[in-house]
Amino acid sequence: DALAGHHLVWLAAPAEHLAAKAVRKAHRPLLDDGDPVELFRRQIAVRQPLIIAMDPLVIDVSTTSDHDATEAIVRFVDGLIESDHVQAKAAAETA
């Protein structure tokens, strides 16, 4: 409910990909105990259905370069800004 009405970006990837990247970082306390792949599988299983139901921009970061992912997010945000401007202009004209 806290995210309702917000625009979301879901950076998706298989659990194996996320775990491989996460274990390279020293500041990941959730990874201190147990299997990192299993942790990400559990997190994806819980979070993905909730996020997908909110119609986010989905970027598969296992197959998309950081540059391309960034570009997609910028285009997404630019589209939101443009849409907000159009709606505000239309509202002002009808007021």
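Residues numbered from 1 in each chain as written. Predicted model: local features only at pLDDT ≥ 70, side-chain atom pairs only at ≥ 80, totals over all residues. Heavy atoms only, no water.

A. Fine view of the pairing of strand S1 (residues 9–12). Only one face of S1 is covered, namely the face carrying Trp10 and Ala12; the face carrying Val9 and Leu11 is uncovered. In this sheet, strand S2 (residues 57–60) lies alongside S1 in parallel orientation, the contact comprising 4 bridges. Across the sheet, Val9 pairs through a bridge with Leu57, a residue of S2. (Buried < 20%, exposed > 50% of the residue type's maximum accessible area, 1.4 Å probe, protein only. Helix = DSSP H or I, 4+ residues; strand = E, 2+ residues; numbered from the N terminus. Pairing = 2+ DSSP bridges.)

B. Inspection of unusual backbone geometry at higher detail. Positive phi, normally seen in glycine, also occurs at Asp55, with a value near 55°. Relative to the elements of secondary structure, Asp55 occurs in the loop between helix H2 (36–52) and S2. Take Asp55: its relative accessible area is 66%, and that puts it in the exposed class.

C. The arrangement of the layout of surface pockets in detail. When its volume is computed, the largest pocket comes out at roughly 550 Å³. Going through the elements one at a time, S1, helix H1 (15–22), H2 and helix H3 (66–94) are the ones with two or more residues in the lining of the largest pocket. Looking at the lining of the largest pocket element by element, the count peaks at 6 residues for H2. Partitioning the lining of the largest pocket into residue classes produces 14 nonpolar, 6 polar and 5 charged. (1 Å grid on protein atoms, 1.4 Å probe; cavity = no way out; pocket = protein on both sides within 12 Å on 5 of 7 lines; lining within 4 Å. Points joined across faces, edges and corners; volume = space filled by probe spheres on them. Nonpolar A, V, L, I, M, F, W, Y, C, P; charged D, E, K, R; others polar.)

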